[in-house]
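Structure assessment
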Amino acid sequence: MNQHDHEIKNIRTKALLLCPDNDAEAHMILLLAEKAGIETIRSSQPHGARLEFEEDVEEKVRATGKNRLWIVEIPGPDTERRLKDHGIQITIIDHHTYGSLDRLSDPISGKKKPSSLEQFLEVAHIEDREMKEWGFDPYLVRGIGIMDARFIEGLREEGYTRDEIKHTLRFSEKLIQEVNPLWKHTMARAEEEWGRRTREGSYLVIRSQYGGEIRGALSYCAAADNQDTVPTIISVDNGEGISVQNISFSIVERLKRAFPEASYTFGSGRCWGVSNRNREVKVTINDILCALL
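This report concerns the structure included in the present document. In this text the structure is predicted, and so the values were computed from the model without any measurement.

Within the secondary structure, H6 is located in helix α1 (residues 3–14). Assessed through its relative accessible area of 46%, H6 is described here as partly exposed. C-alpha of H6 to C-alpha of R81: the two residues are 75 residues apart in sequence and 31 Å apart in space.

Written as structure tokens, this is what we have:
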């Protein structure tokens, strides 16, 4: 083993990865971490995971004896501070905002960060050569990250051809089915909901009674119908979660100002969402349309 390989192995050996397993990108990160020999705490939390809701996380981290913790998309500043007080070095791998907590912008340059998967590849020093040895196509792997941050338009912007986009979509669905065996059933429901979409001004509007992965499945429906760049409002679980997708940064900022308490951003800052769970006064689609139109 040369000096370079020894240094990389040392980085991975000393690290502990805390990562959810709730979508294609997170699942891909976990698969790569396993191949790289990185010790992992696999979170069972769904989207919207918070560090304070991770059961016994401080005890679990300290029990590993590791002092370098890489946290993927599980924010929790108070718990992070307590871990740091115990001598844990924390690396945040994220590309979202959560209310006033900005984990999309680089704190030094101010530029928008790439996807969590792309950040993980850099932090873990995973090279294309290794991914090929492990049986993965590096182009498809990176495509999963690009899709998570910028969906199909991101792949187009990065020069993926139509066939490469199709292959990436198929690979993404394969990963999702490994996370969620009911994905095909979810897609069937999403196709029905997509067929019932309406239009309000320049926005497509979908009102779904279903929760789970239906929002993501609806995005796949939009892509299949060449509507993946059209501004879209999606309400899931009878209004418990609402997202506004494919919008400009200025519109995202308008929505953040209008509904600051429970809002978050995704899609590299071009998608906005609100969670109505545990809220006494819920934000409705009509409220959002009033702020938009």
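Put simply, the second largest pocket is a space of about 290 Å³. Around the second largest pocket, the lining is made up of 13 residues, and of these I92, D106, P107, K113 and Q119 lie nearest the centre. Residue assignment for the lining of the second largest pocket shows that the elements contributing at least two residues are β4 (89–93) and α5 (116–123). Broken down by class, the residue content of the lining of the second largest pocket amounts to 5 nonpolar, 3 polar and 5 charged.

For the rest of this paragraph, the subject is the sheet that holds strand β6 (residues 101–102). With mixed pairing, 8 strands are arranged side by side in an open sheet as β6-β5-β11-β12-β10-β9-β8-β7. Across the chains shown, the open sheet's two edge strands, defined by having one partner strand only, are β6 and β7 (198–200). With 2 bridges joining them, strand β5 (residues 97–98) and β6 adopt antiparallel strand pairing. Following the sheet pairing, T97 is matched in β6 by D102.

Calculation criteria
- All residue numbers refer to positions counted from 1 along the written sequence of the respective chain.
- The model is predicted, so local features are restricted to residues of pLDDT at least 70 and side-chain atom pairs to those at 80 or more, both for listing and for counting; the totals for chains, interfaces and linings are taken over all residues.
- Excluding hydrogens and water, the side-chain values take into account all heavy atoms of the structure.
- Under the DSSP-based scheme used, a helix requires at least four consecutive residues in state H or I and a strand at least two consecutive residues in state E, with every element numbered from the N terminus.
- Exposure categories follow from relative accessible area, calculated using a 1.4 Å probe and restricted to protein chains: below 20% of the type maximum is buried, above 50% is exposed, and the middle band is partly exposed.
- We place a 1 Å grid over just the protein atoms. Points where a 1.4 Å probe fits but has no way out form a cavity, open points with protein on both sides within 12 Å along at least 5 of 7 lines form a pocket, and any residue with an atom within 4 Å of a point lines it.
- Grid points are joined across faces, edges and corners, and a volume is the space filled by probe spheres set on the points.
- All amino acids are sorted into three groups, where Ala, Val, Leu, Ile, Met, Phe, Trp, Tyr, Cys and Pro are nonpolar, Asp, Glu, Lys and Arg are charged, and the leftover types, Gly among them, are polar.
- For two strands to be treated as a pair, DSSP must find no fewer than two bridges joining them.

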